[in-house]
Amino acid sequence: MGELRFDGRVVIITGAGAGLGRTYALLFGSRGAKVVVNDLGGGRHGEGKSSKAADDVVAEIKRNGGIAVADYNSVVEGEKIIKTALDNFGRVDVLVNNAGILRDKSFPRISNVDWDLIQDVHLKGSFKTTQAAFTLFKKQGYGRIIMTTSNSGLYGNFGQANYSAAKLGLVGLANTIAIEGAKYNIHCNCIAPTAASRLTEDILPPDIFNELKPEFIAPVVAYLCHESCQENGSVIESGAGWAGKCHLIRSNGALLRSNMVDAVTIEKVRDSWSKIINMENGQHFNKPSDATMALVSALESIREGVKNDVNDDDVNVCDYTEKDLILYALGVGASLANESDLRFLYENDENFSPLPTYFVCPALTAMFMSKNSAATAIPGKEVSLEKILHGEQYLEILGDMKPSGRLTTKVEVAEVLDKGSGALIVSNIDSYDEAGNLIVRNQVASFAIGAGNFGGPRTGSKLVACVSKPTGSPDMVLTYKTTVDQAALYRLSGDFNPLHIDPNLAALGGFEKPILHGLCSLGVSVRLILAAYADSDVSLFKAVKVRFTKPVVPGQTLKVHMWRKGNRIIFETLVSETNATVISGAYVDLKSVKLSSVQANKAAAMALLSDAVFEMIQSRVKEQPEKAKSVNAVFLFNITKDGKQVKQWTMDLKNASIHEGTPTSGKPQTTLTISDSDFIELATGKLNPQTAFMKGKLKVAGNIMLAQKLGPLLKSDAKL
Ligand SMILES: CCCCCCC[C@@H](O)CC(=O)SCCNC(=O)CCNC(=O)[C@H](O)C(C)(C)COP(=O)(O)OP(=O)(O)OC[C@H]1O[C@@H](n2cnc3c(N)ncnc32)[C@H](O)[C@@H]1OP(=O)(O)O
């Protein structure tokens, strides 16, 4: 990538006698261009004339070994400037419309002269000069044009109404020239410079003024004018050694009628205002036809009645991408440690697919955006967010779960029940794809603590029912240890309720620590169920229903008990550390059951057995606390599989406690290592711990006497 040069190119710069124009001229001259230095030699308010300014710059370019010629014409007679270039150099390649003056006055004081002069020099001058050049550019199939706009035009500025109007007019002029010129390799861009110049010297404070050197902007303009630069139709802001593109962004807006027969009313506009002006996910259009197409698609939505009889306040449009799906999967514990989870974490995996429970996220977002949400559903009571717990959830997938797309989600409060200790707000939330197909049906039952006793009904008919758990041991148990950052990660999928991250707000809600999102526990549970009964094939998922019975604290271990009844997997989720049930009455409906690969089954069986043994040990320690205390030691259990450690437990006999992982403080006095298969034998009572020890199946490091004492404690006739 060598030096960018302009050898053989003829460059016209208007207003090049001083400031930015002069700096442009010197730079182009130093890079091989033949430069036409145009300057009328007037004052900054457009008064007077002199050839000195242009002559001085030409002399400077020549002194530096460059080629230049002066031109003293007014830009309003732009064709004369072009003629100077043709007469002297025979062609024109680049036109930098830079000439400008100021006539600043507050708006009521702007006279016709102030207005006309500004429009003439900036807008008409650029029009005339560019039009004359454009004809040549078209013939030669090449041209580069710069319009000089200004932050005053882009953003407005007190006292500069005339100037702002002309400056934004130039953006419009450039936009269309860019479109008309594109097929002739004519590019037209705008520069919005912030520079120290004759125009700004007594407007800006000296310390800022000194850093706004034209030399920091000239290379940006020169690059835009180089044959290798493909930018066209852009506005580039630059100053102080910084440059950035400036775009017009349009909001996604709001549909103001639900179908073709609806009228648009002023009230509808008022009610939709927050959506009309919501710039989140705003879009830029490169040409008017893009804007027209967006309007056509809005019209199609109206024609299809996507949001038939829906109040716009209750409709939320959200786009999701593969990145959202991956972030969600990480939030519910998908991990590269599980081979089958790659499909949830890598967009190029051949089986890349969304976890079906991702589709609770648009529902929650829509609820938070909705006016008629849980927070306001109880007449006369506004409930603060930290008092609203997720009570129950139903999710049903009805259409294609695409890896990216736009969902239009409608929220409807179905019923509000008075549960005494709280109010249960049941909301039905439906999400449609762009074609108007119903893709996802969610039902969120929010429990507003302390908002009960308002005289409402205790029972209703709208809540999707929970199921009872079967008697007997579960068919499968899988666990997932959440991390302390689980909620911090999960919230990035759209549930920003501070209850899950802010200790002060959690305290206001009556919690010792921020609690985990109910939907995170649900996501973890369903992921494990799909791994066990669908071989992680998400297309087999139909629906899930849960009741959140107790909060979970990030860092706790979720243990999912599963019972298979045909294609329905009934489940409950417990916290291993406390044995509290946190999800109850729950089920996942599958289209069909696909048992996992042999290896996955083995792993699941292993988890089941080891969990059972874990419980057994815990119960035996509890049964014989005195004996346990007399052992007075900390043991570390290493369970291995194919020589690799698969699980670790710490048993602290003195405190009669047992937990997954290594000791929280100090070193274990004894470490016991046993293979998973021997462990199963031990757990099922087929292998006596003493015998296991004697036969070397139970390897002991550290205090052997202690390990021997432990033997009788472990002995059990527990059946699995
Ligand atoms: C715009 C806002 C949108 C908000 C959406 C959610 C946003 C999320 O960010 C919030 C969360 O994720 S919170 C975390 C997940 N949820 C939880 O941790 C709640 C756990 N559950 C509890 O603590 C209690 O069940 C508790 C506290 C809920 C109820 O316990 P108690 O007060 O002790 O109630 P109890 O005496 O057991 O029963 C009274 C009646 O209420 C019914 N009920 C109990 N738990 C319920 C639950 N979880 N869901 C639905 N109904 C429930 C009981 O059945 C009983 O009614 P009835 O006598 O008619 O059967």
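Computed from a predicted structure; not experimentally measured.

Q: Quick rundown of the site of the ligand? Include the residues and the values.
A: For the ligand, the set of nearby residues contains 26 residues, the closest of which are Lys-419, Ser-421, Asp-495, His-500 and Phe-548. Within the side chain of Arg-458, an N or O atom sits 2.9 Å from an oxygen atom of the ligand. Looking at the shell around the ligand, the elements that each hand over two or more residues are α14 (361-369), β10 (388-397) and β15 (541-548). Top contributing element to the shell around the ligand by residue count: β10, with 5 residues. Per-class residue counts for the shell around the ligand are 11 nonpolar, 9 polar and 6 charged.

Q: Talk me through helix α12 (residues 322-331); I want residue IDs and the actual numbers.
A: If you check which residues of α12 are buried, you get Leu-325, Ile-326, Tyr-328, Ala-329 and Gly-331. The inward-facing, buried residues of α12 contact β9 (315-320), α13 (342-345), α14, α15 (486-490) and α17 (518-533). Residue Gly-333 follows α12 closely and has a positive phi angle near 90 degrees.

Q: Could you give me a rundown of the packing of aromatic side chains, with the residues and numbers involved?
A: Tallied over the entire structure, the rule returns 6 aromatic pairs. On the basis of an interplanar angle of 80 degrees and a centroid distance of 5.7 Å, the ring pair of Tyr-328 and Tyr-358 is categorised as edge-to-face. Linking Tyr-328 in helix α12 with Tyr-358 in the loop between α13 and α14, this pair joins segments that are 30 residues apart in sequence. Here Tyr-328 matches Tyr-358 in class, with each residue buried. Here the aromatic rings of Tyr-328 and Tyr-490 are separated by 5.8 Å at their centres, their planes lie at 65 degrees, and the arrangement is edge-to-face. Taken together, the positions of Tyr-328 in helix α12 and Tyr-490 in helix α15 put the pair 162 residues apart, joining distant regions of the chain. One exposure class covers both Tyr-328 and Tyr-490, and it is buried. Among the aromatic residues, those joined into a cluster by ring pairs are Tyr-320, Tyr-328, Tyr-358, Phe-359 and Tyr-490. The aromatic ring of Tyr-142 is capped on one face by Arg-9, whose charged end is 4.1 Å from the ring centroid. We note Arg-568 situated over the ring of Tyr-587; from NZ or CZ to the ring centre the distance is 3.7 Å.

Q: Could you give an account of the sheet that holds strand β16 (residues 557-565), naming the residues involved and the relevant values?
A: Read across the open sheet, the 10 strands follow the order β9-β11-β12-β13-β10-β15-β18-β17-β16-β14; overall the sheet is antiparallel. Strands at the two margins of the open sheet, each flanked by one partner only, are β9 and β14 (476-481). Within the sheet, the average angular offset between the axes of one strand and its neighbour, ignoring direction, is 20 degrees. With 9 bridges connecting them, β10 and strand β13 (residues 438-449) associate as antiparallel partners. When the bridges of β13 are listed, Leu-395 appears paired with Asn-442.

Q: I'd love a proper account of the confidence of the model for the protein, names of residues and values included.
A: Of the residues in the protein, 88% have a pLDDT of 70 or more, and the chain-wide mean is 87. Throughout residues 307-312 the model reports pLDDT below 50, and contacts reaching past four residues in sequence, or to other chains, amount to 18 contacts. Long-range and interchain partners of residues 716-720, a stretch whose pLDDT sits below 50, account for 10 contacts in this model, where long-range means more than four residues apart. In the predicted complex, the global pTM is 0.52; the interface-specific ipTM is 0.97.

Cut-offs applied
- Residues numbered from 1 in each chain as written.
- Predicted model: local features only at pLDDT ≥ 70, side-chain atom pairs only at ≥ 80, totals over all residues.
- Heavy atoms only, no water.
- Near = heavy atom within 4 Å.
- Polar contact = N/O pair within 3.5 Å; in protein donor to acceptor, adjacent residues only side chain to side chain.
- Helix = DSSP H or I, 4+ residues; strand = E, 2+ residues; numbered from the N terminus.
- Nonpolar A, V, L, I, M, F, W, Y, C, P; charged D, E, K, R; others polar.
- Buried < 20%, exposed > 50% of the residue type's maximum accessible area, 1.4 Å probe, protein only.
- Contact = heavy atoms within 4.5 Å.
- Phe/Tyr/Trp six-rings, centres within 6.5 Å; stacked < 30°, edge-to-face > 60°.
- Lys NZ or Arg CZ within 6 Å of the ring centre and 35° of its normal.
- Pairing = 2+ DSSP bridges.
- Axes fitted to C-alpha atoms, helices over the stretch in contact; angles between N-to-C directions.
- pLDDT = per-residue confidence, 0-100.

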